[in-house]
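Chain residues, written in single-letter form:
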Amino acid sequence: KHVFLCFTDDSKTLHAALLVKHLNSKASIYAMTGRSETSTLLKEVGVKRAISSSYFGRTLASALFEPSVLTTVLELVSRAGKGDLVEVVVDEKHSGKTIREIEEELNRDPKFRYRVIAVFRGEEDYTIAPDPNTAVVRGEKLVLVKGLKE
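Cut-offs used in this document
- Residues numbered from 1 in each chain as written.
- Predicted model: local features only at pLDDT ≥ 70, side-chain atom pairs only at ≥ 80, totals over all residues.
- Heavy atoms only, no water.
- Helix = DSSP H or I, 4+ residues; strand = E, 2+ residues; numbered from the N terminus.
- Buried < 20%, exposed > 50% of the residue type's maximum accessible area, 1.4 Å probe, protein only.
- Polar contact = N/O pair within 3.5 Å; in protein donor to acceptor, adjacent residues only side chain to side chain.
- Contact = heavy atoms within 4.5 Å.
- Axes fitted to C-alpha atoms, helices over the stretch in contact; angles between N-to-C directions.
- Parallel < 35°, antiparallel > 145°, perpendicular 65-115°, else oblique.
- Nonpolar A, V, L, I, M, F, W, Y, C, P; charged D, E, K, R; others polar.
- Pairing = 2+ DSSP bridges.
- 1 Å grid on protein atoms, 1.4 Å probe; cavity = no way out; pocket = protein on both sides within 12 Å on 5 of 7 lines; lining within 4 Å.
- Points joined across faces, edges and corners; volume = space filled by probe spheres on them.

So, on to the side chain of Glu-140. One can find Glu-140 in the loop between strand 6 (126–128) and strand 7 (141–148). Residue Glu-140 is classed as buried on the basis of its relative accessible area of 10%. In this structure the side chain of Glu-140 is engaged in a polar contact, spanning 3.0 Å, whose partner is the backbone nitrogen of Val-137. Residues within four places of Glu-140 in sequence aside, it is in contact with Val-88, Val-89, Val-90, Val-119, Phe-120, Arg-121 and Ala-135.

Structure (structure tokens):
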């Protein structure tokens with residue numbers, strides 16, 4: 001169902017993506033790429049998300065200049081215990097409520113604290129750090145930081 005391509009050679013990544021689509025047209029493909037031009041080609045052949053290897057350079061720079069940022073990001077993407085990133089699809093019950101109201105409801109959980117960090121209205125239509133007074137509608141996706149209450 002999901003395929004992750006992590007070649008250092010963009011031509012191999014492109015070839016593998018074409019082969020995967022030939023074998024299973026419904027597969028969701030995610031690929032690492034070194035050049036932005038390749039990202040465009042990969043999307044044209046059906047790759048869901050092309051991730052630039054420049055993100056790895058940014059990660060290394062954070063290790064040196066912003067170590068607390070890197071620690072937080074690694075914690076959130078590794079599920080090591082204190083925090084996590086979660087996606088919640090707005091249902092009918094929460095449609096029309098504000099982000100603040102949804103956070104207040106979620107934060108009744110005795111073990112975890114939640115903060116909405118993004119609202120997706122579509123794959124390319126999203127807001128980072130949305131205003132807490134923003135109302136959401138059914139079908140939108142919320143990206144939340146989920147942290148242990150300490």
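There's more to say after this.
This part is about the packing of helix 1 (residues 10–23) against helix 2 (residues 36–44). In a pair of packed helices, the angle between the axes and the distance between the axes together describe the arrangement. The interhelical angle for the contact between helix 1 and helix 2, taken along N-to-C directions, is 5 degrees, at an axis separation of 10 Å. The angle between the axes of helix 1 and helix 2 places the two elements in the roughly parallel class. Mapping the contact onto sequence places Asp-10, Thr-13, Leu-14 and Ala-17 in helix 1 and Thr-38, Leu-41 and Leu-42 in helix 2. Taken together, the residues of the contact of helix 1 with helix 2 sort by class into 4 nonpolar, 2 polar and 1 charged.

Next up on the list: the sheet that holds strand 4 (residues 83–89). With antiparallel pairing, the 4 strands of this open sheet are ordered in space as 4-7-5-6. Sheet topology places strand 4 and strand 6 at the edges, where each strand pairs with a single neighbour. The average angle at which neighbouring strand axes cross in this sheet is 35 degrees, direction not considered. In terms of strand pairing, strand 5 (residues 112–120) meets strand 7 through 8 bridges, oriented antiparallel.

This part is about the layout of surface pockets. For the largest pocket, the calculated volume is near 1400 Å³. What lines the largest pocket is a set of 33 residues, among which Arg-49, Ile-51, Val-77, Leu-85 and Phe-120 lie closest to the centre. With 7 residues, the top contributor of residues to the lining of the largest pocket is helix 4 (residues 67–78).

Another aspect to go through is the sheet that holds strand 1 (residues 2–5). Across the sheet, which stays open at both edges, the 3 strands sit in the order 1-2-3 with parallel pairing between neighbours. Two strands in the sheet have a free side with no partner beyond their single neighbour: strand 1 and strand 3 (49–52). The mean angle between the axes of side-by-side strands here comes to 15 degrees, regardless of whether they run parallel or antiparallel. Pairing analysis gives 4 bridges linking strand 1 to strand 2 (residues 28–33), with the strands arranged parallel.

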